[in-house]
Amino acid sequence: MVESDLDGWPRWLREFDQMLATRPQIVVYGNVRDVCIIPSSGVPTEMSVVEALGFLLQLRQVVVLKWDPTKELSINPANAIDRLRSRTPPVSIPDALPCELERGALPKLIETLIAEREIPIAVIVDYASRLGQDPNGLDEDSYDFFLRSLRLSHTATERRSPAPGTAPRFNPVVWIADRIQDLPAWFLVGNSRIGQIG
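So, here is what we can say about the structure in this document. (Residues numbered from 1 in each chain as written. Predicted model: local features only at pLDDT ≥ 70, side-chain atom pairs only at ≥ 80, totals over all residues. Heavy atoms only, no water.)

Let's talk about the overall build of the chain
Turning to step 1, where the next piece is worked out: Regarding its fold elements, the chain presents six helices and nine strands.
Turning to step 2, where the next piece is worked out: By the compact-globule yardstick of 16 Å for 198 residues, the chain fits well, its C-alpha radius of gyration being 16 Å.
Turning to step 3, where the next piece is worked out: Projected onto its principal axes, the C-alpha coordinates of the chain cover approximately 50 × 40 × 30 Å.
Turning to step 4, where the next piece is worked out: When each of the 198 residues of the chain is scored for burial, the buried share is 48%.
Turning to step 5, where the next piece is worked out: Accessible surface, the chain: about 9,700 Å² in total, of which carbon and sulfur atoms supply 49%.
Turning to step 6, where the next piece is worked out: Side chains of the chain give 21 positive and 26 negative charges; the mean places of these two sets differ by 6 Å. (Helix = DSSP H or I, 4+ residues; strand = E, 2+ residues; numbered from the N terminus. Rg over C-alpha atoms; globule rule 2.2 N^0.38 Å. Buried < 20%, exposed > 50% of the residue type's maximum accessible area, 1.4 Å probe, protein only. Areas by Shrake-Rupley, 256 points an atom, 1.4 Å probe, with all protein chains shown as cover. Lys, Arg positive; Asp, Glu negative; His and termini not counted. Charge placed at Lys NZ, Arg CZ, Asp CG, Glu CD.)

Take a look at the structure:
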């Protein structure tokens, strides 16, 4: 897929596509529970924001893992779990997906996935606004979660050089939030490694 293939797509998705070449983490915020219209095989198709992001990533041949604070972890396409396990060494992921995954285990899983070099992978953290009650007065577990995610934004390495129509440069982490203020200011301010689309 090349950029011209996104003609007719919403502007924010075209912007997201461009950020995949430069940012290891991206926050998508605003009306994230809206429905958007995506041209799918020439047919206008209604999708949620998360579905549209996943659709675009899969067009880029990216395996998409999605996690939300209800602790559910899922993978798309479903058969990608076999590709990840057939790697040498195999990528360490839960035995069956979808499954429950505690928030405390998520940073280690993200760290493992973004280090994968052969298979392009994205992790979507849905309902990121619900990860802490007060983004600037976090409890210890929430603080540790965002601190580890901040470190990962700085230590993420390129998986390949980007070229038109290819998978993204990084294995991205995509945060879905209602408002940008729902995430800690120290996590975002001055961090050019985390893109923002709202």
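Next, the rest of the story.
Brief notes about the pairing of strand S2 (residues 35-40)
Turning to step 1, where the next piece is worked out: Only one face of S2 is buried, namely the one carrying Cys36, Ile38 and Ser40, since none of Val35, Ile37 and Pro39 on the opposite face is buried.
Turning to step 2, where the next piece is worked out: Relative to strand S3 (residues 43-48), S2 is paired through six bridges, and the arrangement is antiparallel. The partner of Ser40 across the bridge, within S3, is Val43.
Turning to step 3, where the next piece is worked out: Hairpin connection, S2 to S3: the antiparallel pair is bridged by two residues, and Ser41 has positive phi, about 55 degrees. (Pairing = 2+ DSSP bridges.)

Quick look at helix H5 (residues 140-155)
Turning to step 1, where the next piece is worked out: Between the first and last C-alpha of H5 there are 22 Å, a value that for 16 residues agrees with the 22 Å anticipated at 1.5 Å per step.
Turning to step 2, where the next piece is worked out: Taken together, the buried positions of H5 are Ser142, Phe145, Phe146, Ser149, Leu150, Leu152 and Ser153. Projected down its long axis, H5 shows its buried positions confined to an angular sector of 160 degrees, all on one face. In this structure, H5 carries Glu140 and Asp141 as exposed residues pointing more than 90 degrees from its buried face.
Turning to step 3, where the next piece is worked out: Along its buried surface, H5 packs onto strand S1 (25-29), helix H4 (106-114), strand S8 (173-177), helix H6 (185-188) and strand S9 (194-197).
Turning to step 4, where the next piece is worked out: Two to three positions downstream of the cap, the backbone nitrogen of Asp141 sits 3.1 Å from a side-chain oxygen, assigning the N-cap of H5 to Asp139. (Expected span 1.5 Å × (residues − 1). Arc of directions from axis to C-beta. Contact = heavy atoms within 4.5 Å. Polar contact = N/O pair within 3.5 Å; in protein donor to acceptor, adjacent residues only side chain to side chain.)

Thoughts on the environment of Arg83
Turning to step 1, where the next piece is worked out: Considering the arrangement of structural elements, one finds Arg83 in helix H3 (residues 80-85).
Turning to step 2, where the next piece is worked out: Spatially, the C-alpha atom of Arg83 lies 9.7 Å from that of Val63, the residues being 20 residues apart in sequence.
Turning to step 3, where the next piece is worked out: For Arg83, the residues in contact, after removing those within four places along its chain, are Val63 and Ile119.

Observations regarding the packing of helix H1 (residues 11-19) against helix H2 (residues 49-59)
Turning to step 1, where the next piece is worked out: Two elements in contact, H1 and H2, have axes whose closest approach is 11 Å; the angle formed by their N-to-C orientations is 45 degrees. By the criterion of interaxial angle, the relationship of H1 to H2 is oblique. Crossing geometry of H1 relative to H2 is assigned as right-handed. Within the contact between the two elements, H1 uses Trp12, Leu13, Phe16 and Asp17 and H2 uses Val49, Ala52, Leu53, Leu56 and Leu57.
Turning to step 2, where the next piece is worked out: Residues that form the contact of H1 with H2 fall into these classes: eight nonpolar, no polar and one charged. (Axes fitted to C-alpha atoms, helices over the stretch in contact; angles between N-to-C directions. Parallel < 35°, antiparallel > 145°, perpendicular 65-115°, else oblique. Left-handed = near helix turned anticlockwise from the far one by under 90°. Nonpolar A, V, L, I, M, F, W, Y, C, P; charged D, E, K, R; others polar.)

Quick notes on a negative patch on the surface
Turning to step 1, where the next piece is worked out: On the surface, Asp139, Glu140, Asp141 and Asp144 cluster together to form a negatively charged patch.
Turning to step 2, where the next piece is worked out: Position of Asp139 among the secondary structure elements: in the loop between strand S7 (121-125) and H5. (Patch = residues over 30% accessible without salt bridge, like charges linked within 9 Å, V, L, I, M, F, W, Y side chains within 5 Å. Salt bridge = Lys/Arg side-chain N within 4 Å of Asp/Glu carboxyl O.)

Description of H4
Since the α-helix packs 3.6 residues into each turn, any two residues three or four apart lie on the same face.
Turning to step 1, where the next piece is worked out: By the burial criterion, the buried members of H4 are Leu106, Pro107, Leu109, Ile110, Leu113 and Ile114. For H4, the angular spread of the buried residues around the axis is 160 degrees, confining them to a single face.

Points about the packing of aromatic side chains
Turning to step 1, where the next piece is worked out: By the definition in use, this model includes seven aromatic pairs.
Turning to step 2, where the next piece is worked out: Here the aromatic rings of Phe146 and Trp175 are separated by 5.8 Å at their centres, their planes lie at 25 degrees, and the arrangement is stacked. Of this pair, Phe146 sits in helix H5 while Trp175 is found in strand S8, placing the two residues 29 residues apart along the sequence.
Turning to step 3, where the next piece is worked out: Using a relative accessible area of 2% as the deciding quantity, one classes Phe146 as buried.
Turning to step 4, where the next piece is worked out: Every member of this aromatic cluster is reached through a ring pair, and the members are Phe145, Phe146, Trp175 and Phe187.
Turning to step 5, where the next piece is worked out: In this structure, Arg33 is placed above the aromatic ring of Tyr127, and the distance from its NZ or CZ to the ring centre is 3.9 Å. (Phe/Tyr/Trp six-rings, centres within 6.5 Å; stacked < 30°, edge-to-face > 60°. Lys NZ or Arg CZ within 6 Å of the ring centre and 35° of its normal.)

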